[in-house]
Structures are given as C-alpha cells and as structure tokens.
Amino acid sequence: DIQLCSPELKKLKKYLFLSILGVGAMQINSALDVIFARIADAAGPAYLAYALRLEQVPTALFGVTIATALLPPLSRAAKAEKWGEFHQFLSFSIQRSMGLMIPCFFGVILTAVWAVNLIYGHGDFYILATQETALCLIAYGFGLFPMTIVFLLASSCFACKNFKYPAI
C-alpha cells in the first residue's frame, strides 16, 4: 500500500528532488562542455567524448568503488554518533584514494597518446584525432583526484543524511 501523501513518500520526494537537481546541473555542465568544444574545433566534442571514456576507467575502478564501499561504515558511524570513527574512515579512504589516483594521473599523462592510439587509432581515426584526444585525456587526468574526493565527500554527506550539500 503506497499512499501518495504518506510522510515517507514526502520525505523521498525531497531527496529525489535534490538528486534530480544535482544530476541536472551535471548534465547542463556536460552540455556546455560540448558547446564550448564545438566552438573551439568542429571535432572537439568527439575528442572530449573519446577522452572521457578513457578517463572514466580509473574513476570507476577506484573513485566510485571506494566511495561505494565507504558509505555503509560511514552510515553506521554517523548513526551511532561515533564521529571519531567516522573521520577515521573518511581519512583512510582519502589517503587510499590519493595512493591510487595519483599514480593513475601519472599513468594517464605518460600513456595518453599510446592508450588513445591503441583503443581508437584505426580506421578513420587519424593521427590528429589521436593527438587531440590524448590532450583532452591529459586535461581530464588533472581531475582524477578531485573527482574522487567529491565522491568521497558526497558519501560522507549521504551518511549523515545531508543531501543538500552534494546537490549544491
């Protein structure tokens, strides 16, 4: 029995609205990226899209995984109001993220052209496209660690049932 005006559903609507707001802002940002890339170069959006797919590999493997694994212990610590334990988990995950993402950053910098050429460099994907996509990948590489920190801090906010800050 789901009642449309039940208190549980009203609370869910509030959280759902904040999630939609945050995801919507991210989508608007992505759309603006494509517009600016198109202004810079006719093939700019393609370069960004190809580079983004490669950048998402370490982000998904390490950043999202650590943030997902972090949420349950943070939630338990927050519910029990064990703030020392909460900060320990968060600090530990930030340190581990740094230990993983900084080498990934240097790996992206050192192997960008090689990786792009290996994955995309065939058919009509010419040398210029490889070089431009590699430059975009290097630029995205600078965001690996900050993006992971955002995932971790969002998880810490969710654990404390604070959905406004990640939406903002």
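Residues numbered from 1 in each chain as written. Predicted model: local features only at pLDDT ≥ 70, side-chain atom pairs only at ≥ 80, totals over all residues. Heavy atoms only, no water.

Asker: Help me understand the nonpolar core in this model?
Answerer: Side chains of nonpolar character tend, in soluble globular proteins, to be buried together. Residues Leu54, Val116, Tyr120, Phe125, Cys136, Leu137 and Leu144 are the most contacted members of the largest nonpolar core, which totals 18 residues. Mapped onto this core, the elements with two or more residues apiece are helix 2 (44–79), helix 3 (83–120) and helix 4 (127–141). With seven residues, the single largest contributor to this core is helix 3. With sequence-adjacent residues up to four places away left out, Leu54 is seen in contact with Val116, Ile119, Tyr120 and Leu137. Judged by nonpolar contacts, the second largest core, of 11 residues, contains Leu70, Ala77, Ile149 and Leu152. (Core = buried A, V, L, I, M, F, W, Y, C linked by side-chain atoms within 4.5 Å. Buried < 20%, exposed > 50% of the residue type's maximum accessible area, 1.4 Å probe, protein only. Helix = DSSP H or I, 4+ residues; strand = E, 2+ residues; numbered from the N terminus. Contact = heavy atoms within 4.5 Å.)

Asker: Explain the packing of helix 2 against helix 5 (residues 144–159) to me, please; I cannot follow it from the model alone.
Answerer: Helix-helix packing is characterised by the crossing angle of the two axes and by the distance between the axes. One can describe the packing of helix 2 onto helix 5 by two numbers: an axis separation of 8 Å at closest approach and a directional angle of 25°. In this view, helix 2 runs roughly parallel relative to helix 5, as classed from their interaxial angle. Considering only the axes of helix 2 and helix 5, their crossing is right-handed. Contact residues: Glu55, Pro58, Thr59, Gly63, Val64, Ile66, Ala67, Leu70, Leu71, Leu74, Ser75 and Ala78 in helix 2; Leu144, Met147, Thr148, Phe151, Leu152, Ser155, Ser156, Phe158 and Ala159 in helix 5. Split into classes, the residues belonging to the contact of helix 2 with helix 5 amount to 14 nonpolar, six polar and one charged. (Axes fitted to C-alpha atoms, helices over the stretch in contact; angles between N-to-C directions. Parallel < 35°, antiparallel > 145°, perpendicular 65-115°, else oblique. Left-handed = near helix turned anticlockwise from the far one by under 90°. Nonpolar A, V, L, I, M, F, W, Y, C, P; charged D, E, K, R; others polar.)

Asker: Is there a simple way to think about helix 2 in this case?
Answerer: Count 3.6 residues to each turn of an α-helix, and residues three or four apart come out pointing the same way. At Thr59, helix 2 is bent by approximately 45°, the largest bend along its length. Once helix 2 ends, the next one or two residues include Glu81, with phi positive near 55°. (Bend = angle between axes of the 7 residues up to and from the residue.)

Asker: What is the right way to read helix 4 from this model?
Answerer: With 15 residues, helix 4 extends 21 Å from end C-alpha to end C-alpha; this agrees with the ideal 21 Å at 1.5 Å per step. Regarding helix 4, the residues found buried are Ala129, Thr130, Thr133, Ala134, Cys136, Leu137 and Gly141. When helix 4 is viewed along its axis, its buried side chains cluster within an angular range of 165° and face the same direction. Seen from the open side of helix 4, the exposed residues pointing more than 90 degrees away from its buried face are Leu135 and Ala139. In this structure, the buried residues of helix 4 make contact with helix 2, helix 3 and helix 5. (Expected span 1.5 Å × (residues − 1). Arc of directions from axis to C-beta.)

Asker: Would you explain the packing of aromatic side chains in this entry?
Answerer: Aromatic rings in a pair are described by how distant their centres are and how their planes are angled relative to each other. Under the definition given, this model contains six aromatic pairs. Seen in terms of ring centroids, Tyr50 and Phe125 are 5.2 Å apart; in terms of plane orientation they differ by 75°. Their pairing is edge-to-face. Linking Tyr50 in helix 2 with Phe125 in the loop between helix 3 and helix 4, this pair joins segments that are 75 residues apart in sequence. Here Tyr50 falls in the partly exposed class, since its relative accessible area comes to 33%. Note on Phe125: relative accessible area 13%, which makes it buried. Cluster of aromatic residues (ring-pair linked, three or more members): Tyr50, Tyr120 and Phe125. (Phe/Tyr/Trp six-rings, centres within 6.5 Å; stacked < 30°, edge-to-face > 60°.)

Asker: Where do I start with the layout of surface pockets in this structure?
Answerer: Over the atoms, a rolled probe matching the size of one water molecule traces out where space is still vacant. As a volume, the largest pocket reaches approximately 1200 Å³. Along its surface, the largest pocket is lined by 35 residues, and Gly22, Met26, Met147, Val150 and Phe151 are the ones closest to its centre. For the lining of the largest pocket, the secondary structure elements donating two or more residues are helix 1 (7–40), helix 2, helix 5 and helix 6 (164–167). The dominant element in the lining of the largest pocket, judged by the number of residues it contributes, is helix 2, at 13 residues. (1 Å grid on protein atoms, 1.4 Å probe; cavity = no way out; pocket = protein on both sides within 12 Å on 5 of 7 lines; lining within 4 Å. Points joined across faces, edges and corners; volume = space filled by probe spheres on them.)

Asker: So what exactly am I meant to see when it comes to the packing of helix 3 against helix 4 here?
Answerer: Running from N to C, helix 3 and helix 4 cross one another at 160°; their axes reach a closest spacing of 8 Å. Classed by the angle they form, the pair helix 3 and helix 4 counts as roughly antiparallel. When you trace helix 3 past helix 4, the crossing you get is right-handed. Contacts from Phe105, Val108, Ile109, Ala112, Val113, Val116 and Asn117 of helix 3 reach helix 4 at Thr130, Thr133, Ala134, Leu137, Ile138 and Gly141. By residue class, the composition of the contact of helix 3 with helix 4 is nine nonpolar, four polar and no charged.

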